[in-house]
Amino acid sequence: GAGFYVNATEDPWKNNYRMYSYVTGELPSVLASNFNINVNKSAISGHSMGGHGALISALKNPGKYKVEEISSQKKRALLELLQCVSAFAPINNPSECPWGVKAFSGYLGENKGAWKLNPAYSVTQYDATYLAKEYDGPKMEIMVDQGEEDPYLADKQLLPENLSNACSGNKLLNLNLRIQPGYDHGYYFITTFIEEHFTFMARHIC
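Computed from a predicted model, the values in this text were never measured in an experiment.

### Here's the deal with the overall build of the protein
- Of regular secondary structure, the protein possesses eight helices and six strands.
- Counting helices and strands in the order they occur from the N terminus, the protein gives α-β-α-β-β-β-α-α-α-β-α-α-β-α.
- Going through the 206 residues of the protein one by one, you find that 45% of them count as buried.
- Pairs at least 24 residues apart make up 70% of the contacts formed inside the protein by residues separated by at least 6 positions.
- Of the accessible surface of the protein, which amounts to about 10700 Å², a share of 51% is contributed by carbon and sulfur atoms.

### Some words on the packing of aromatic side chains
- This model, assessed by the stated rule, comprises ten aromatic pairs.
- An angle of 55° between the planes, with centres 4.7 Å apart, marks the rings of Trp99 and Tyr152 as tilted. Note that Trp99 is positioned in helix H3 (residues 98-108) and Tyr152 in helix H6 (residues 151-154), a separation of 53 residues in sequence.
- With relative accessibility at 31%, the residue Tyr152 sits in the partly exposed group.

### Some words on the sheet that holds strand S4 (residues 84-88)
- Read across the sheet, four strands follow the order S1-S4-S5-S6 without closing on themselves; strand pairing throughout is parallel. This sheet does not close on itself; its edge strands, each paired only once, are strand S1 (44-47) and strand S6 (173-180). Geometrically, the sheet is characterised by an average inter-axis angle of 10° between neighbouring strands, direction not taken into account.
- Where S4 and strand S5 (residues 140-147) come together, five bridges link them in parallel fashion. Looking across to S5, one finds that Cys84 is bridged to Glu141.
- Helix H7 (residues 160-168) contacts S5 and S6 of the sheet and is inclined by roughly 155° relative to S6.
- On the sheet, helix H8 (residues 187-205) packs against S1, S4, S5 and S6 and is oriented at approximately 175° with respect to S4.

### A word on the pattern of salt bridges
- The tally for this structure, following the rule as stated, stands at five salt bridges.
- Note that Asp11 and Lys14 form a salt bridge whose closest N and O atoms lie 3.7 Å from each other.
- Owing to a relative accessible area of 35%, Lys14 belongs among the partly exposed residues under this scheme.
- Three or more residues joined by partner-sharing salt bridges are found here, namely Asp145, Arg178 and Glu196.

The rules behind each value
- Residues numbered from 1 in each chain as written.
- Predicted model: local features only at pLDDT ≥ 70, side-chain atom pairs only at ≥ 80, totals over all residues.
- Heavy atoms only, no water.
- Helix = DSSP H or I, 4+ residues; strand = E, 2+ residues; numbered from the N terminus.
- Buried < 20%, exposed > 50% of the residue type's maximum accessible area, 1.4 Å probe, protein only.
- Contact = heavy atoms within 4.5 Å.
- Areas by Shrake-Rupley, 256 points an atom, 1.4 Å probe, with all protein chains shown as cover.
- Phe/Tyr/Trp six-rings, centres within 6.5 Å; stacked < 30°, edge-to-face > 60°.
- Pairing = 2+ DSSP bridges.
- Axes fitted to C-alpha atoms, helices over the stretch in contact; angles between N-to-C directions.
- Salt bridge = Lys/Arg side-chain N within 4 Å of Asp/Glu carboxyl O.

What follows is the structure, given as structure tokens:
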């Protein structure tokens, strides 16, 4: 269903609609426990609502997907550096689009102002555009592909221009927003460019 990758705070959803915690916590733990993988060299990507999920997971968790050891005069620690995230036609500003307003109202409550005004790392801030404005972690590379013929782009459901404006005002975020002529919201769009996304992620985590 349309869980929107949030941890719901409202009845009747709050007990089971916890996709944000699943993606950023439970799933990586299960993978690490059952497969011979290095979870410290990970990247995240998604499409549409999943693209929204990828963006917020990265922006709310600087360092979730890569670990680098550092030293200082005072201490030796592990500084987690999330280096990149990519998305295909993501819902960039759900607080301002019909899909997002409907979902957030049900899962997070009717107070729309709270979705936008909460601090970036608060439990109810799940909007990539507002997260990008406040992001203060390590420098991050973001790659977004958007089909120019996507009907949801014309319907103002995706709002990539809002994310672009937010990133342009934050020197810690480098957004490469690519508008692809002739492509819509579908899977042919994804299969055409997915290899470039793999290359992008590999370049930053390997």
